[in-house]
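A look at the structure
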Amino acid sequence: MTSLIDNNIDELIKRVRKCTAVSDMVFMTAYPPREMPNPVAKYTVAVNQTGVNQSQVFVGDAVSAGMKGRLYDVSLTLRVYAPRQTSASALLRMSSLLYDALERCDTDGAIAEMSLGEVVYDNAARTVYRDLRIRLSYLLIGEGGR
């Protein structure tokens, strides 16, 4: 089921990337196999799935006999890096636009909560970033034996 969760996250990010307000942002996975661009020339978003919790939920009889499901809570962090010569207020604006785009593109209703973190300076990238933390909730159903 973890691959299904990854696919759902990928689809969400694809929908977000199509939004005009954030179309100039560069999206990448966290800890990529290559080095992060230095200096950062465009707003760069590193997508990191930071955790998955599952709880056993039985969905049966009322839906269909023999159907079982699990509730997955997924923690996702989108770290937004600003171009080097950009002000912190511009980063605040861009990360807020990303927040709004995520809200609009959540067609599955998976986003349970979102929060924006403070502006932090990254010594390695020599620029500022801001984390957008998201908790996604998925109910994945599959057939199960008794």
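Residues numbered from 1 in each chain as written. Predicted model: local features only at pLDDT ≥ 70, side-chain atom pairs only at ≥ 80, totals over all residues. Heavy atoms only, no water.

Turning next to unusual backbone geometry. Phi is positive for Arg126, which is not a glycine, with a value near 55°. Along the chain, Arg126 falls in the loop between strand S4 (111–122) and strand S5 (127–143). (Helix = DSSP H or I, 4+ residues; strand = E, 2+ residues; numbered from the N terminus.)

Tracing the backbone shows Arg70 in strand S3 (residues 67–81). When its relative accessible area of 29% is taken as the criterion, Arg70 is described as partly exposed. In this structure, the C-alpha to C-alpha distance between Arg70 and Tyr138, residues 68 residues apart in sequence, is 8.2 Å. (Buried < 20%, exposed > 50% of the residue type's maximum accessible area, 1.4 Å probe, protein only.)

The next point concerns the packing of aromatic side chains. Going through the model one piece at a time under the given rule, you end up with 1 aromatic pair. Measuring from centroid to centroid gives 5.6 Å for Tyr81 and Tyr129, while their planes differ by 55°, and the two rings are tilted. Taken as a pair, Tyr81 in strand S3 and Tyr129 in strand S5 lie far apart in primary sequence, 48 residues in all. Of the two residues examined, Tyr81 and Tyr129, each falls in the buried class. (Phe/Tyr/Trp six-rings, centres within 6.5 Å; stacked < 30°, edge-to-face > 60°.)

With that out of the way, let us pick up the pattern of salt bridges. What the rule picks out here adds up to 6 salt bridges. A salt bridge links Arg135 to Asp73, with the shortest nitrogen-to-oxygen separation between them at 3.1 Å. Separated by 62 residues along the polypeptide, Arg135 in strand S5 and Asp73 in strand S3 bring together distant segments of the chain. Taking relative accessible area as the criterion, Arg135 reaches 29% and is therefore assigned partly exposed. Note that Asp131 and Arg133 form a salt bridge whose closest N and O atoms lie 3.7 Å from each other. The exposure class assigned to Arg133 is partly exposed, which follows from its relative accessible area of 36%. (Salt bridge = Lys/Arg side-chain N within 4 Å of Asp/Glu carboxyl O.)

Among the secondary structure elements, Asp131 is positioned in strand S5. Classification of Asp131 as buried rests on a relative accessible area of 7%. Here the side chain of Asp131 touches Arg79 through a polar contact of 2.7 Å, side chain to side chain. (Polar contact = N/O pair within 3.5 Å; in protein donor to acceptor, adjacent residues only side chain to side chain.)

Function cannot be read off these values alone, since they describe shape.
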